[in-house]
Amino acid sequence: MFARLFPIVLLANHAPVFCQVVAYEANTFPEDAPQPWIPNPACDPERWLDNGWFFQHVEQCEPFPPPAGQQESFRRYLNLDGFIGETEFFIEFRVQTDGSSSEMNGTAPTGLAAGGFTGVNYHFTVARNLVQLIRDNTLPIVLVELDPGVAHTHRLALYGAELYIWTIDGQVFDSGVPEGAYPTSDSNNIIWWTKSWFLPNTTKWDYVRYGRIPDDGSGDFNSDAFVDVDDFYFFQECRTNSGPATDAGPGCRWADMDQDSDVDAHDFALFQLAFTVTE
Ligand SMILES: [Ca+2]
Ligand SMILES: [Ca+2]
Ligand SMILES: [Ca+2]
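None of these values were measured; they are calculated from a predicted model.

A.B. asks: Could you give an account of the overall build of the protein, naming the residues involved and the relevant values?
C.D. replies: A count of helical and extended segments in the protein gives 4 helices and 15 strands. Its C-alpha atoms give the protein a radius of gyration of 19 Å, within 12% of the compact-globule value 19 Å for 279 residues. The principal-axis extent of the C-alpha atoms belonging to the protein is close to 65 × 40 × 35 Å. By the burial criterion, 48% of the 279 residues in the protein qualify as buried. In the protein, the proportion of contacts linking residues at least 24 apart, taken out of those at least 6 apart, comes to 64%. The protein carries 14 positive and 40 negative side-chain charges, and their two centres are separated by 2 Å.

Pasting the structure below:
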């Protein structure tokens, strides 16, 4: 299926390389993923898997009065993943909720936050038709309207203390100089959740990914120095979401092998050439 042109040369140099991406693809429950998330449920919310999506349904929690009913969050610590000090870091998640924006002052219906006890924070709250980003109580809240009824891809690209860029479905909605670098030793965890504040909601997650930003045109999504089956799944996703002469977006620059902004058959040919069989 794949060209196997250079496996002997590369296998001779094959040393264990730390996989530089954590990707939860919602084919399992988050706590059962190969790189598991730490769950923290309250009041036994409903949850299920369907075809690569993780669903959460939350309601109020009898007999306790609102606000704050059922909820469940998932957390990982980036210091355990070896990402502290990474100066080309991304967080990307794809989610859809039917929850109301009236829930947002209770950090519901759903969201994701990157932060820690001190240091830099990026706190996203997502509703059916609205998303907000809070970085600090002293900074303006950024609000962006969303088309309801479809999933949206949120991507945060962080370049040390120099630059942050927030894109939704490939379009930039906020960027600038951050208050500091992320991740750092005191700002080093990612948490995502679904919650009923006053109202019920059903939320579905396609994926939550974070890690080193892969090099442009490298074909190496997880930055382990090999173009192999681990990258292929993500390459196919980029190709499906792009096509000839269609900008594949910031999350797919690594898959644009010929650097003309799309991910198409020409890129696939180059991906095959770069492909190696690893053991
Ligand atoms: Ca998925
Ligand atoms: Ca790779
Ligand atoms: Ca291309």
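Back to the write-up after that little detour.
A.B. asks: Give me the lowdown on the coordination of the calcium ion (ligand 1), citing residues and values where you can.
C.D. replies: Protein coordination at the calcium ion (ligand 1) comes from Glu25 (O), Gly52 (O), Asp206 (O) and Asp206 (OD), with a distance range of 2.2 to 2.4 Å. Donor residues for the calcium ion (ligand 1), ordered by position in the chain, follow E-x26-G-x153-D. Of the two residues, Gly52 sits in the loop between strand 3 (46-50) and strand 4 (53-58) while Asp206 sits in strand 15 (residues 201-212), which places them 154 residues apart along the sequence. The same class applies to Gly52 as to Asp206, namely buried.

A.B. asks: Kindly report on helix 3 (residues 229-241), identifying the contributing residues and their values.
C.D. replies: In this model, helix 3 (13 residues) spans 19 Å end to end at C-alpha, consistent with the 18 Å of a helix rising 1.5 Å per residue. Among the residues of helix 3, Asp231, Phe232, Phe234, Phe235, Glu237 and Cys238 are the ones counted as buried. Summarising the contacts, the buried residues of helix 3 are in contact with strand 1 (21-24), strand 15 and helix 4 (265-274). Its side-chain oxygen 3.0 Å from the backbone nitrogen of Asp230, Asp228 forms the N-cap of helix 3. After helix 3 finishes, the residue Gly243 shows a positive phi value of roughly 120°.

A.B. asks: Before we move on, can you summarise the nonpolar core with the specific residues and values?
C.D. replies: Ile91, Tyr122, Trp166, Tyr182, Ile190, Trp192 and Tyr210 are the most contacted members of the largest nonpolar core, which totals 35 residues. No other element matches the 4 residues that strand 6 (residues 89-97) contributes to this core. Excluding residues that lie within four positions of it along the chain, Ile190 makes contacts with Trp37, Phe74, Arg75, Arg76, Leu78, Ile91, Leu112, Ala113, Ala114, Tyr182 and Tyr210. By size, the runner-up hydrophobic cluster in this structure holds 19 residues, among which are Val21, Ala157, Cys252 and Trp254.

A.B. asks: Tell me about the coordination of the calcium ion (ligand 3), residues and numbers included.
C.D. replies: Within the protein, the calcium ion (ligand 3) binds to Asp256 (OD), Asp258 (OD), Asp260 (OD), Asp262 (O), Asp262 (OD), Asp267 (OD) and Asp267 (OD); these donor distances fall in the range 2.2 to 2.5 Å. The motif formed by the donor residues of the calcium ion (ligand 3), counted along the single chain, is D-x1-D-x1-D-x1-D-x4-D. Summarising the burial analysis for this pair, Asp256 and Asp262 share the class buried.

A.B. asks: I'd like a rundown of the domain arrangement of the protein, residues and numbers included.
C.D. replies: Accessible area lost upon the coming together of the parts is a frequently used measure of interface size. Partitioning the protein into domains gives domain 1 (7-17 + 225-274) and domain 2 (21-212). Placing a centre on the C-alpha atoms of domain 1 and another on those of domain 2 gives a separation of 27 Å. Across the contact, 5 residues belong to domain 1 and 8 residues belong to domain 2. Carbon and sulfur atoms supply 55% of the area buried between domain 1 and domain 2, which totals about 470 Å² over both sides. Of all residues in domain 1, the largest losses of buried area upon contact with domain 2 belong to Phe234, Glu237 and Pro250, amounting jointly to 69% of the total for that side. Arg209 is the salt-bridge partner of Glu237, the closest N and O atoms lying 2.8 Å from each other. Scanning the region where domain 1 abuts domain 2 turns up 2 residue pairs in polar contact (both at pLDDT 80 or more). Residue composition of the side of domain 1 that touches domain 2, grouped by class: 3 nonpolar, 1 polar and 1 charged.

A.B. asks: Can you break down a nonpolar patch on the surface residue by residue, with the values?
C.D. replies: Side chains of Ile38, Tyr77 and Leu80 sit close together on the surface and give an oily, nonpolar patch of about 310 Å² of accessible area. One can find Leu80 in helix 2 (residues 78-81). Using a relative accessible area of 68% as the deciding quantity, one classes Leu80 as exposed.

A.B. asks: Go over the pattern of salt bridges with me, naming the residues and quoting the values.
C.D. replies: Taken as a whole and judged by the stated rule, the model has 11 salt bridges. The salt bridge involving Arg209 is made with Glu25; its shortest N-O contact spans 2.7 Å. Residue Arg209 is located in strand 15, and its partner Glu25 is located in the loop between strand 1 and strand 2 (38-42); the two are separated by 184 residues in the primary sequence. What you see here is one network of salt bridges that share partners, running through Glu86, Glu88, Arg212 and Asp215.

How each quantity is defined
Residues numbered from 1 in each chain as written. Chains lettered and ligands numbered in written order. Predicted model: local features only at pLDDT ≥ 70, side-chain atom pairs only at ≥ 80, totals over all residues. Heavy atoms only, no water. Helix = DSSP H or I, 4+ residues; strand = E, 2+ residues; numbered from the N terminus. Rg over C-alpha atoms; globule rule 2.2 N^0.38 Å. Buried < 20%, exposed > 50% of the residue type's maximum accessible area, 1.4 Å probe, protein only. Contact = heavy atoms within 4.5 Å. Lys, Arg positive; Asp, Glu negative; His and termini not counted. Charge placed at Lys NZ, Arg CZ, Asp CG, Glu CD. Donors = N, O, S within 2.8 Å, 3.2 Å for Na, K, Ca; no water. Expected span 1.5 Å × (residues − 1). Polar contact = N/O pair within 3.5 Å; in protein donor to acceptor, adjacent residues only side chain to side chain. Core = buried A, V, L, I, M, F, W, Y, C linked by side-chain atoms within 4.5 Å. Domains from an automatic or database assignment. Buried area = accessible area lost by both parts, 1.4 Å probe. Salt bridge = Lys/Arg side-chain N within 4 Å of Asp/Glu carboxyl O. Nonpolar A, V, L, I, M, F, W, Y, C, P; charged D, E, K, R; others polar. Patch = residues over 30% accessible without salt bridge, like charges linked within 9 Å, V, L, I, M, F, W, Y side chains within 5 Å. Areas by Shrake-Rupley, 256 points an atom, 1.4 Å probe, with all protein chains shown as cover.

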